[in-house]
Amino acid sequence: MNLRDISIIADIIKICYICFFVYYTNFKIINIKYNITVKKILIISILMILISIVCELAKDILGYSYHVIFMALLISIMFSKNTKSSFAYALLVTMISMSINYIIFIIAMFVSFAIKIIFGVEAIYVGLILILVVYAELVHLLFLNKRLKKGIIFLQKNIKNEYIDILTLNISVIILFCITILSNYDKLISRRSGVSLIIFSIIMFITIQKSLQLYYKQKLQEREVEEIKEELKNKDKEIEELEKENLKLNKKNHSIAHKQKSLEYELEQMILNNQIVNGNQVKDKIENLSKEMQNETVSIELTKTNIDEIDSMLKYMQSECIKNKIEFELQINGNIHHMVNTYIGKEDLEILIADLTKNAIIAIKHSENINKSILVRLGLIDGFYSLYVYDSGIEFEIETLKNFGIKPSTTHADDGGTGMGLMNTFDTLKKYKASLIIDEYGKPVEDNFTKVIKIIFDNRNEYKIESYRREEIQEKDINKRIFQDKF
């Protein structure tokens with residue numbers, strides 16, 4: 001067997017090996033698992049040998065560039081039939097696979113050449129085996145990369161991005177064109193083409209990387225849009241339910257108003273006619289009317305956070321307010337699941353709500369204000385995930401503000417106050433680097449809240465007092481602790 005015959009056989013083995021790996025890469029980059037059986041291995045092996053022979057003949061008769069064209073077309077047809085995909089899609093995937101494999105093959109040649117020089121290997125087949133082993137290992141290592149374990153995302157059939165497809169196809173064609181030039185021209189041109197090949201190879205991998213980044217960003221945006229749509233849908237349902245509830249309440253309130261007027265008329269008639277008023281009878285009627293009105297308050301449904309523990313705590317706080325004849329209102333903004341997964345633990349948020357609402361109830365019980373109301377705002381407020389608790393009760397004692405976070409302090413031990421709620425709040429704020437703002441609006445009034453406690457998850461860990469009685473607090477705050485910016 002002369003040298004030319006050896007060279008032809010080596011070329012056929014090389015082409016057959018590359019064809020196998022191009023076909024394998026096709027499945028890997030679009031993340032399709034191919035069920036391997038002995039029968040399928042035999043069929044694929046025969047087809048790959050035939051493709052290799054056709055490509056070698058095309059190279060000898062027509063030129064090297066035709067060998068690349070025939071390989072791309074034949075593997076695309078084979079891949080299209082096996083995956084039942086369109087020929088255009090199969091050709092796109094095959095061209096990208098070929099460019100990836102030829103880049104890796106050229107790298108394997110350089111590595112193998114270095115090994116041959118070091119160990120003095122001269123035999124053609126030994127050199128060829130060395131190249132193929134290095135080439136196989138490099139392909140294996142490529143798909144161990146965590147970014148490519150599930151393939152190249154934008155090439156998968158369920159994702160349509162024609163601009164990226166066209167760009168990647170063009171780069172792949174340029175790479176294959178450079179490989180063709182490298183195989184046919186003299187050393188000087190080959191060096192220049194080699195530089196072009198390296199440049200286009202880098203561009204291709206950067207394009208794939210950037211495309212993956214764009215895809216993940218796009219998926220994240222799509223997910224956020226879906227979450228917002230779902231949230232709006234839930235809000236619409238809540239609004240619809242609240243409107244129905246409001247209509248129901250209006251009807252019942254209308255009935256109660258008639259009963260009140262009837263009771264007033266009965267009392268007036270008794271007074272006008274100088275009749276002895278049956279005190280117990282009137283008392284029973286008033287009590288029944290009060291219970292009826294109280295029951296209407298209990299029936300108001302709170303907005304759901306869809307977190308069972310948080311919803312249960314809010315429901316419990318509402319029941320505590322109803323017992324103390326305090327109006328309880330809740331506002332939910334944003335995705336609370338995102339809040340408890342990112343900014344604060346579920347259990348810690350549950351305790352925060354309990355401590356702050358309980359303190360608000362105690363403050364209202366010690367106030368003579370006719371307005372008895374609490375508002376809890378939870379979620380995304382002014383750009384930050386936060387918990388705001390408004391109340392119409394008395395202001396904080398200055399001593400409590402001074403001892404906040406240092407030691408338990410309460411002036412309402414008779415109502416179950418221990419001061420530990422504020423201590424727990426302080427520890428939680430430090431744990432999550434959240435800020436605390438206590439905003440005191442003014443003395444108790446009929447139509448407004450007196451203060452709000454704001455817990456803001458802004459990673460600043462600040463403690464601020466914004467009060468209408470700032471000068472009074474500063475006079476009594478000897479250590480000048482209350483109006484500092486940090487804990």
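Here the structure is a predicted model, which is why all the values come from computation and not from measurement.

Some details on the sheet that holds strand β5 (residues 451–456)
Strand pairing in a sheet takes place through backbone hydrogen bonds and is either antiparallel or parallel in direction. Here six strands make up an open sheet; going across it, the order is β1-β2-β3-β5-β4-β6 and the pairing mixed. The open sheet terminates on both sides in strands that have one partner only, identified here as β1 (327–333) and β6 (463–467). Each neighbouring strand pair of the sheet contributes to a mean axis angle of 10°, computed without reference to strand direction. Looking at chain direction, strand β4 (residues 435–440) and β6 are connected through five bridges and run parallel. Paired with Asp439 across the bridge in β6 is Glu466. Sitting on the sheet, helix α9 (residues 308–323) touches β1 and β2 (373–381), and the angle it makes with β1 is about 155°.

Considering empty space enclosed by the protein
Counting across every chain of the model gives two cavities of 30 Å³ or more. As a volume, the largest cavity reaches approximately 50 Å³. In terms of lining, the largest cavity is formed by Glu301, Leu302, Thr303, Lys304, Asp311, Leu314, Lys315 and Leu330. Ranked by residues supplied to the lining of the largest cavity, first place goes to α9 with three residues. In terms of residue class, the lining of the largest cavity is made up of three nonpolar, one polar and four charged.

Concerning the packing of aromatic side chains
Taken as a whole, this structure holds 12 aromatic pairs when the rule is applied. Geometrically, the ring pair formed by Phe21 and Tyr135 is edge-to-face, given 5.1 Å between the ring centres and 65° between the ring planes. Of this pair, Phe21 sits in helix α1 (residues 3–29) while Tyr135 sits in helix α5 (residues 124–142), and the two are 114 residues apart along the sequence. Accessibility classification places Phe21 together with Tyr135 in one group, the buried group. On the basis of an interplanar angle of 90° and a centroid distance of 6.2 Å, the ring pair of Tyr24 and Phe143 is categorised as edge-to-face. You can see Tyr24 sitting in helix α1 and its partner Phe143 sitting in the loop between α5 and α6 (162–182), a full 119 residues away along the chain. Judged by relative accessible area, which is 37%, Tyr24 ranks as partly exposed. Stacked on the ring of Phe396, the Lys or Arg Lys451 has its end atom at 5.4 Å from the ring centre.

Describing the pairing of strand β3 (residues 384–391)
Burial within β3 is extensive, with seven of its eight residues counted as buried. Note that β2 and β3 share eight bridges and pair antiparallel. Within β3, the position partnered with Arg377 by the bridge is Tyr388. Between β2 and β3, which pair antiparallel and follow one another directly, the connecting turn spans two residues, one of which, Asp382, has a positive phi of 50°.

What counts and how
- Residues numbered from 1 in each chain as written.
- Predicted model: local features only at pLDDT ≥ 70, side-chain atom pairs only at ≥ 80, totals over all residues.
- Heavy atoms only, no water.
- Pairing = 2+ DSSP bridges.
- Helix = DSSP H or I, 4+ residues; strand = E, 2+ residues; numbered from the N terminus.
- Axes fitted to C-alpha atoms, helices over the stretch in contact; angles between N-to-C directions.
- Contact = heavy atoms within 4.5 Å.
- 1 Å grid on protein atoms, 1.4 Å probe; cavity = no way out; pocket = protein on both sides within 12 Å on 5 of 7 lines; lining within 4 Å.
- Points joined across faces, edges and corners; volume = space filled by probe spheres on them.
- Nonpolar A, V, L, I, M, F, W, Y, C, P; charged D, E, K, R; others polar.
- Phe/Tyr/Trp six-rings, centres within 6.5 Å; stacked < 30°, edge-to-face > 60°.
- Buried < 20%, exposed > 50% of the residue type's maximum accessible area, 1.4 Å probe, protein only.
- Lys NZ or Arg CZ within 6 Å of the ring centre and 35° of its normal.

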